[in-house]
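Here's the letter readout for the chains.
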Amino acid sequence: INEKEITWVTADPIYLVTKHGRIIKTEGLDNDLVETLYPKINFEQIFADNNTNLNAYYSYENPSLFNLELVLNYTLDSPEQVKILDKTMELSKITETVNNKFLGWKFSNFYWVDEDFFVWKSEQIINPKLKLSLIRDTKKQAQRISGLCNMRMFDDAEPILEGLETYVYNRSNEISIFRSSEGTI
């Protein structure tokens, strides 16, 4: 699993593609990540070479932004107890600090890895500006549900409510990419 690209699909549908536990591509967002270029994507290689400062390049669409240079710095924390589903595991947290001075971006991604550097959990920011579109989309659907309920159209509101619940659940719990960072809801 860790050597291949994995595609995750939400109910919206939004697609996230991961490789070695990192989000490398998205589809269905207001500002999709279309390509990522890392000199090393595998955390085991990064720490084995003791090279914890790297540059990566991200490309986005809508608007188009090609090969945005990001400066990455990595730290590896001591193991901690982390609950994954119904199992508690001892995992080390990797903090990836991401900077781009030109756009003023500074944020951190977090990855919990086992002794083989397999990523079991992560909290990632795809784009620090994404927070605003997530809030706007959620607010729009909540207003629609409120309007239907005020008009006593409960049957019409129910599928929208279920969709919104799935949307929020996927964003905040299942995928865990937006929690506990300055760019989150």
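For the structure itself, look to the data block above.
What you are looking at is a predicted structure, and each value in this text was computed from that prediction instead of being measured.

Engineer: How would you sum up the pairing of strand β7 (residues 87-100)? Please name residues and give values.
Structural biologist: Among the 14 residues that make up β7, 10 are buried, leaving the element largely enclosed by the rest of the structure. Relative to β7, strand β6 (residues 65-84) runs antiparallel, the two being bridged by 12 bridges. By the bridge assignment for β7, Q81 is matched with E90. Counting the residues in the hairpin turn of β6 and β7 gives 2 residues, including L85, whose phi is positive at 55°. Relative to strand β8 (residues 105-113), β7 runs antiparallel, the two being bridged by 9 bridges. Of the residues in β8, the one forming a bridge with N99 is K106. Linking β7 back to β8 in an antiparallel pair, the connection comprises 4 residues, with G104 at a positive phi of about 75°.

Engineer: Break down the nonpolar core for me, citing the residues and quoting the values.
Structural biologist: With 30 residues, the main nonpolar core has F43, Y74 and I94 as its most contacted residues. Secondary structure elements with two or more residues in this core: β2 (15-19), β3 (22-27), α1 (43-48), β5 (53-61), β6, β7 and β8. When near neighbours in sequence (up to four residues on either side) are disregarded, Y74 contacts R22, Y38, F43, I46, F47, T52, L54, I94, T95 and E96. Judged by nonpolar contacts, the second largest core, of 6 residues, contains V82, M89, L91 and F110.

Engineer: Would you mind going over a negative patch on the surface in detail, with residue names and values included?
Structural biologist: A surface patch of negative charge is lined by E44, E90, E115 and D116. Looking at where E90 falls in the secondary structure, it is placed in strand β7. Assessed through its relative accessible area of 51%, E90 is described here as exposed.

Here is what the cut-offs are and how they apply
Residues numbered from 1 in each chain as written. Predicted model: local features only at pLDDT ≥ 70, side-chain atom pairs only at ≥ 80, totals over all residues. Heavy atoms only, no water. Buried < 20%, exposed > 50% of the residue type's maximum accessible area, 1.4 Å probe, protein only. Helix = DSSP H or I, 4+ residues; strand = E, 2+ residues; numbered from the N terminus. Pairing = 2+ DSSP bridges. Core = buried A, V, L, I, M, F, W, Y, C linked by side-chain atoms within 4.5 Å. Contact = heavy atoms within 4.5 Å. Patch = residues over 30% accessible without salt bridge, like charges linked within 9 Å, V, L, I, M, F, W, Y side chains within 5 Å. Areas by Shrake-Rupley, 256 points an atom, 1.4 Å probe, with all protein chains shown as cover. Salt bridge = Lys/Arg side-chain N within 4 Å of Asp/Glu carboxyl O. Lys, Arg positive; Asp, Glu negative; His and termini not counted. Charge placed at Lys NZ, Arg CZ, Asp CG, Glu CD.

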